[in-house]
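One letter stands for each residue in the lines below.
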Amino acid sequence: MSNLPEFITIQNVQKYISNRMVLDIDELVVYQSECVVVHGPNGSGKSTLLKILAGLMTPDSGVATTNGVVRPWRQAIREFRANAVYLHQTPYLFDRSVEDNIAYGLRFRNRSQSVLFSEVQSAMEWAGLSHLAKRNARDLSGGEKQRVALTRARILEPKLLLLDEPTAAMDRKSRKQTFSLIRDLASGGNAVYIATHEAADLYQPDRVIQLDYGKLVV
Amino acid sequence: MIHSLRFLLFSLAITLTLVMASANHAADGILRLATTTSTENSGLLAKLVPQFSDSRDIPVHVIAVGTGRALNHARNGDVDVVLVHAKNAELDLVNSGFGIERYEVMYNEFVIAGPETDPAEISGLSNLGTAFEKIANSGALFVSRGDDSGTHKKERQIWDEVDIEPNGDWYKEVGLGMGRSLQIADELRAYILTDKGTWLALKRKLSLPVHVQGASDGRNDYGIIAVNPEKHSHVNIEAAEQFIDWIQSDEAKAVISGHKVEGEQLFYVIE
Amino acid sequence: MDGLIGASAEALRLLFTGDREIWEIVAISFSVSFRAILYIVPLAILSAFALAYGNFPGRRVLITIVNALVALPAVVVGLLLYMLLSSSGPFGGWRLLFTQGAMIIGQMILAFPLLVAMIHVSLQGVDLSAWQTARTLGASIFRAMFTIMREVRFGLIAAIVAGFGRVVSEVGCSIMVGGNILHHTRNIPTAIALETSKGEFEQGIALGAVLITLALALNFAVATVRGRDMARH
């Protein structure tokens, strides 16, 4: 399958929502620094899979293997949370300035104010957001919002970045900008999982996995 | 989100601790006196209580409610001493062991007030029972406290004595204190049985003159009873006994006799 | 209506000449209600979060119960609390009856459902994605709560103001468990009830004026802060 080192493996993962099975995966190996498109129609379980990998959702059954150790899900979920960042299809931006939004996650890590400031500045430059730094994030356009969300995630340097339909409901120009940011992110040595129902090759992925009715289709 | 339930319990514990800490000054040494609105509203207690509490350094908390509730507080052990006016109910408290002994303190008077036109023609009668009969037969309106207070108990007793079961459109049970009941009687132009003190205090705001006073059956005795520490061990019995001794002293009697509302003496000490 | 005008004029005189008894009653009212709200708000916020984002059986039933309890009459709370705190009741040993402590507990119970219901509504105004975003960006549960509280700050303030308004004006519970004791548990509403029964309408109106002024001041303050924020956008 891949020569890349293994990062996380999940096995026998099942998730029910209101008594309906929405996800049923025998095995999925997440390799370090690969770009994967999770493809499937609406309601096929893409978001659920990404949220489980983000540690935002707990499956009803399943085990996870990290660093070669099989862990109970409670421990694994910490590992997921520490290493993964999940981006919603419609990103939620906090009711504060763009730079405060981008700095949000960084504030939970030990950084001096000056280091934090310069990291935020360079991240905004990377995404072409510098001119919007003081604006309230709520007032931005859809494309700008998605870029703020991407920058806010990237600055944390997560080992696994989970993007849920990142370019849905976006105009052509914003899509182009967003694609190039995502490709840039994917080449940075971290794993990127992108859920989409659009054509997978838009993202030039290393691998495509297909979900149908919650099951992986090989 | 399982954590959140744990946080919730944690915060509940913090909340309770805060409350207990803030509330823990449930001060001891306080004397709790349950009494009727008539003694409080007439201003008598405001004169009596400071004289007692200042000279002995015993803070007195006055809880003014209807006689029925005051006696209930005593039975439940929520107060140390009661000063009320419903002799039979007071004796019940003593006989059931919740009160130690009943001491006579003072008396005032029940009067009947009513509309100036006096449609039931009771003016000048010297007996409350006779007046009640005339009111019931005239069809004039009558306002009853209806709150199991001392005044209400007295009113029921008079109806019993003249063998009338008051009901119908003319009989209005309002379930309120004396002051509010008088105001309602005034608005409705109805007759009402009232203690003279509350009537005097409100006299200038009402057009509801007294028609029957000095009646042979109008005397209203106030008794004082300490709550029995054998039933409720936390009762501040020393302070309660000091207060009972003091209220029967010459000093207190002078205050009671000297207390005037609208120039009239309200309470008479029992020798 | 000579009576009303005369009483109002006298009420103003009482207030502005700094009638000590009136201002003491006002102070007791504020101190009791302020502490009640202060103590219960953290629990109310946590409960609202649990109801909004929690995933446990009976959640919907609990929301319905909380909403129903908003309408709980103060006297009912007073009566139940009286029975619990009475010396003959299960918690009589605490000796809390007829103290400010008892009033505070009563007002906490009264404020709780209103606070939870209002905060819960504000939280529902924020998408679940807000919570998930804070969490996935590394916020602990507590930090995430503070983030969301900041997002719904106006709803939160409105809930607290409404809760304070509910308890500072309630009479049924305070009179029942506080006993309306002068200098100790006589607050604005119980004093108004007493003064009215004595026919002392001036005092009643004066105290009512303090309550209304307070309510206006609080609501203007909230509206101003909110308006300033709206203007920023």
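Residues numbered from 1 in each chain as written. Chains lettered and ligands numbered in written order. Predicted model: local features only at pLDDT ≥ 70, side-chain atom pairs only at ≥ 80, totals over all residues. Heavy atoms only, no water.

Draft legend 1. The arrangement of the overall build of chain C in detail. Helices and strands together make up the secondary structure of chain C, namely 11 helices and zero strands. Along chain C, from the amino end to the carboxyl end, the secondary structure elements read α-α-α-α-α-α-α-α-α-α-α. Overall size of chain C, expressed as C-alpha extent along the three principal axes, is 65 × 55 × 25 Å. In chain C, buried positions account for 54% of the 233 residues. Considering only residue pairs separated by 6 or more positions, chain C has 74% of its internal contacts joining residues 24 or more positions apart. In the form shown here, chain C has an accessible surface area of approximately 10100 Å², with 70% of it arising from carbon and sulfur atoms. Charge centroids of chain C, computed over 16 positive and 12 negative side chains, lie 16 Å from each other. (Helix = DSSP H or I, 4+ residues; strand = E, 2+ residues; numbered from the N terminus. Buried < 20%, exposed > 50% of the residue type's maximum accessible area, 1.4 Å probe, protein only. Contact = heavy atoms within 4.5 Å. Areas by Shrake-Rupley, 256 points an atom, 1.4 Å probe, with all protein chains shown as cover. Lys, Arg positive; Asp, Glu negative; His and termini not counted. Charge placed at Lys NZ, Arg CZ, Asp CG, Glu CD.)

Draft legend 2. Up close: the environment of T90 of chain A. Among the structural elements, T90 of chain A can be located in the loop between β6 (84-87) and α3 (98-103). A residue is classified by how much of its surface remains accessible, and T90 of chain A, at 60% relative accessible area, is exposed.

Draft legend 3. Layout of the pattern of salt bridges. Residue and element names in this part refer to chain A. Using the criterion set out here, one finds 19 salt bridges over all chains in the structure. The closest approach of N and O atoms between K46 and E165, which form a salt bridge, is 3.8 Å. With K46 in helix α1 (residues 46-54) and E165 in the loop between β7 (160-164) and α6 (172-186), this residue pair connects regions lying 119 residues apart in the sequence. Judged by relative accessible area, K46 falls into the buried class, the value being 5%. (Salt bridge = Lys/Arg side-chain N within 4 Å of Asp/Glu carboxyl O.)

Draft legend 4. Focus on the sheet that holds strand β3 (residues 35-39) of chain A. Residues and elements named next belong to chain A. The sheet built from six strands is open, its strands ordered β6-β7-β8-β3-β9-β10 with mixed pairing. With one partner strand each, in any of the chains shown, β6 and β10 (215-217) form the two edges of the open sheet. Recorded for the sheet is a direction-independent mean angle of 25° between the axes of neighbouring strands. Judged from the four bridges that link them, β6 and β7 form a sheet pairing that is parallel. Counted as the bridge partner of V85 is L161 from β7. Running over the sheet, α6 touches β3, β7 and β8 (191-196) and is turned about 145° from β8. (Pairing = 2+ DSSP bridges. Axes fitted to C-alpha atoms, helices over the stretch in contact; angles between N-to-C directions.)

Draft legend 5. Local environment of the interface of chain B and chain C. Tallying the contact residues gives 36 residues for chain B and 41 residues for chain C. Overall, the association of chain B and chain C removes approximately 3400 Å² of surface from exposure, summing both partners, and the carbon and sulfur fraction of that is 66%. Viewed at the interface, chain C and chain B are joined by one salt bridge. In this structure, R186 of chain C and E40 of chain B form a salt bridge, with 3.0 Å as the shortest nitrogen-oxygen distance. If you look at where chain B meets chain C, you find 13 residue pairs in polar contact (both at pLDDT 80 or more). Put simply, the parts of the chain that give the side of chain B that touches chain C at least two residues each are α1 (2-23), α2 (37-41), β2 (60-65), α4 (67-76) and α8 (178-188) of chain B. Here the element with the most residues in the side of chain B that touches chain C is α1 of chain B; it accounts for 12 residues. (Buried area = accessible area lost by both parts, 1.4 Å probe. Polar contact = N/O pair within 3.5 Å; in protein donor to acceptor, adjacent residues only side chain to side chain.)

Draft legend 6. Representation of helix α10 (residues 237-247) of chain B within the structure. Along α10 of chain B, the positions that sit buried rather than exposed are I237, A239, A240, F243, I244, W246 and I247 of chain B. Check the buried side of α10 of chain B and you find it contacts β1 (31-36), α3 (44-56), β3 (81-84), β4 (99-113), β9 (219-227) and α11 (250-258) of chain B.

Draft legend 7. Fine view of the domain arrangement of chain B. All names here are of chain B. Taken domain by domain, chain B comprises domain 1 (2-107 + 222-269) and domain 2 (109-212). Computed from C-alpha atoms alone, the centre-to-centre distance between domain 1 and domain 2 is 29 Å. Counting residues at the interface gives 12 residues for domain 1, matched by 14 residues for domain 2. Interface area, domain 1 with domain 2, both sides summed: about 1200 Å², of which 59% is carbon and sulfur. Summed over the shared surface of domain 1 and domain 2, the number is two salt bridges. Put simply, E264 and K196 hold a salt bridge, and the shortest N to O gap is 3.1 Å. The interface formed by domain 1 and domain 2 contains four residue pairs in polar contact (both at pLDDT 80 or more). Contributing elements (two or more residues each) for the side of domain 1 that touches domain 2: α2 and α4. Looking at side-chain class alone, the side of domain 1 that touches domain 2 contains four nonpolar, six polar and two charged residues. (Domains from an automatic or database assignment. Nonpolar A, V, L, I, M, F, W, Y, C, P; charged D, E, K, R; others polar.)

Draft legend 8. Representation of the side chain of E198 of chain A within the structure. All names here are of chain A. Locating E198 in the fold gives a position in the loop between β8 and β9 (207-212). A distance of 3.4 Å separates the side chain of E198 from the side chain of T167, its partner in a polar contact. In contact with E198, not counting residues within four places along its chain, are H39, T167, R175 and Y203.

Draft legend 9. Summary view of the packing of helix α2 (residues 20-53) of chain C against helix α7 (residues 141-151) of chain C. Residues and elements named next belong to chain C. Where α2 meets α7, the closest approach of the two axes is 12 Å, and the angle between their N-to-C directions is 95°. By the criterion of interaxial angle, the relationship of α2 to α7 is roughly perpendicular. Along its contact with α2, which presents I45, L46, F49 and Y53, the element α7 presents F142, M145, I148 and M149. Class assignment for the residues of the contact of α2 with α7 results in eight nonpolar, no polar and no charged. (Parallel < 35°, antiparallel > 145°, perpendicular 65-115°, else oblique.)

Draft legend 10. Inspection of the packing of helix α6 (residues 128-136) of chain C against α7 of chain C at higher detail. All names here are of chain C. At a minimum axis distance of 9 Å, the contact between α6 and α7 shows a crossing angle of 135°. With respect to α7, the axis of α6 lies oblique. When you trace α6 past α7, the crossing you get is right-handed. Residue-level inspection shows A130, W131, A134 and R135 of α6 in contact with α7, the latter providing I141, A144, M145, T147 and I148. (Left-handed = near helix turned anticlockwise from the far one by under 90°.)

Draft legend 11. Expanded view of helix α7 (residues 150-161) of chain B. Residues and elements named next belong to chain B. In this model α7 runs 17 Å from its N-terminal to its C-terminal C-alpha over 12 residues, within 8% of the 16 Å that 1.5 Å per residue would give. Where α7 is concerned, the buried positions are G150, T151, H152, K154, E155, I158 and W159. D163, located one to two residues past α7, shows a positive phi value of around 60°. (Expected span 1.5 Å × (residues − 1).)

Draft legend 12. Region of interest: a nonpolar patch on the surface. Taken together, V75, V76, L79, L80 and M83 of chain C make up a surface patch of nonpolar side chains, about 420 Å² in accessible area. Summarising the element assignment, M83 of chain C is placed in helix α4 (residues 74-85). (Patch = residues over 30% accessible without salt bridge, like charges linked within 9 Å, V, L, I, M, F, W, Y side chains within 5 Å.)

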